[in-house]
Amino acid sequence: MIAAGQPTRLTLAALLDLAASRGPDRQLYRWQGADSGAAEQSCRLDELREASLRIAAGLAALGVKRGDAVVLLVRNPIALARMWFAASRLGAFVMPLNVELTAEALAGIVRGMDAPVIAADLELMHLAAPLKAEAPRAALLDLSKLPETGLSAAGGAGAIHADWNDTAMVLG
């Protein structure tokens, strides 16, 4: 319990942990894509907390550490929230990119960041893949399977597959 009048330093992840401990079954949000036929997605506090813990372990295995940027190209707000809380657990930050920008503008934002991860929804991988040239050490991650069945890095030989349920990395 936080004492009244005492200074505190709560991270975004610590606030999520606190909220999840007080009401784990509370629904955090519901979302349905712009397509009227899209399935509704929802997320409870305990689900977001558990997902952020698994994703943080996977990001750490990829070398993400305090102060690093995790570049993100998403349209799905649930994936955004999961990545945001996971990065917070490591002291890293999420750099969400506007997917409506030109390829040149996106490259200009990423250039010089030395980001260890560029993550994107499957339908936005065509924007993410060219950014790898601007961040050579970055793992390129497909968020379409996040986090239920694991997360695959895009690419052929030497691609990385991260299973968020098992913190060990398997090199393909």
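All figures in this text were calculated on a predicted structure; none of them were measured in a lab.

Peer 1: How would you explain the overall build of the chain if you had to name every residue and give the values?
Peer 2: On a plain count of helices and strands, the chain comes out with five helices and nine strands. For the chain, the N- to C-terminal ordering of α and β elements is α-β-β-α-β-α-β-α-β-α-β-β-β-β. Looking at the chain residue by residue over its 172 residues, the buried ones come to 40%. Sequence-distant contacts in the chain: of pairs separated by 6 or more residues, those separated by 24 or more amount to 55%. When the accessible area of the chain is evaluated, it comes to approximately 9100 Å², of which 55% is carbon and sulfur surface.

Peer 1: How would you sum up helix 4 (residues 103-110)? Please name residues and give values.
Peer 2: Since the α-helix turns once every 3.6 residues, residues separated by three or four places project in the same direction. Regarding helix 4, the residues found buried are L106, A107 and V110. With its buried residues spanning 100 degrees around the axis, helix 4 presents them on a single face. On its buried side, helix 4 packs onto strand 3 (69-73) and helix 5 (125-128). G112, located one to two residues past helix 4, shows a positive phi value of around 85 degrees.

Peer 1: I'd love a proper account of the pattern of salt bridges, names of residues and values included.
Peer 2: Close approach of charged atoms allows side chains with opposite charge to pair. Counting across every chain of the model gives 11 salt bridges. Taking the shortest distance from any N to any O, the salt bridge between E47 and R44 comes out at 3.3 Å. Accessibility expressed as a relative area gives 34% for E47, which makes it partly exposed. Here E100 ties to R75 by a salt bridge, and the two come within 3.3 Å at their closest N and O atoms. Here E100 is found in the loop between strand 4 (93-96) and helix 4, whereas its partner R75 is found in the loop between strand 3 and helix 3 (77-90), with 25 residues between them in sequence. Residue classification places R75 among the partly exposed positions, given a relative accessible area of 47%.

Conventions and cut-offs
- Residues numbered from 1 in each chain as written.
- Predicted model: local features only at pLDDT ≥ 70, side-chain atom pairs only at ≥ 80, totals over all residues.
- Heavy atoms only, no water.
- Helix = DSSP H or I, 4+ residues; strand = E, 2+ residues; numbered from the N terminus.
- Buried < 20%, exposed > 50% of the residue type's maximum accessible area, 1.4 Å probe, protein only.
- Contact = heavy atoms within 4.5 Å.
- Areas by Shrake-Rupley, 256 points an atom, 1.4 Å probe, with all protein chains shown as cover.
- Arc of directions from axis to C-beta.
- Salt bridge = Lys/Arg side-chain N within 4 Å of Asp/Glu carboxyl O.

These figures come from the coordinates and say nothing about function on their own.
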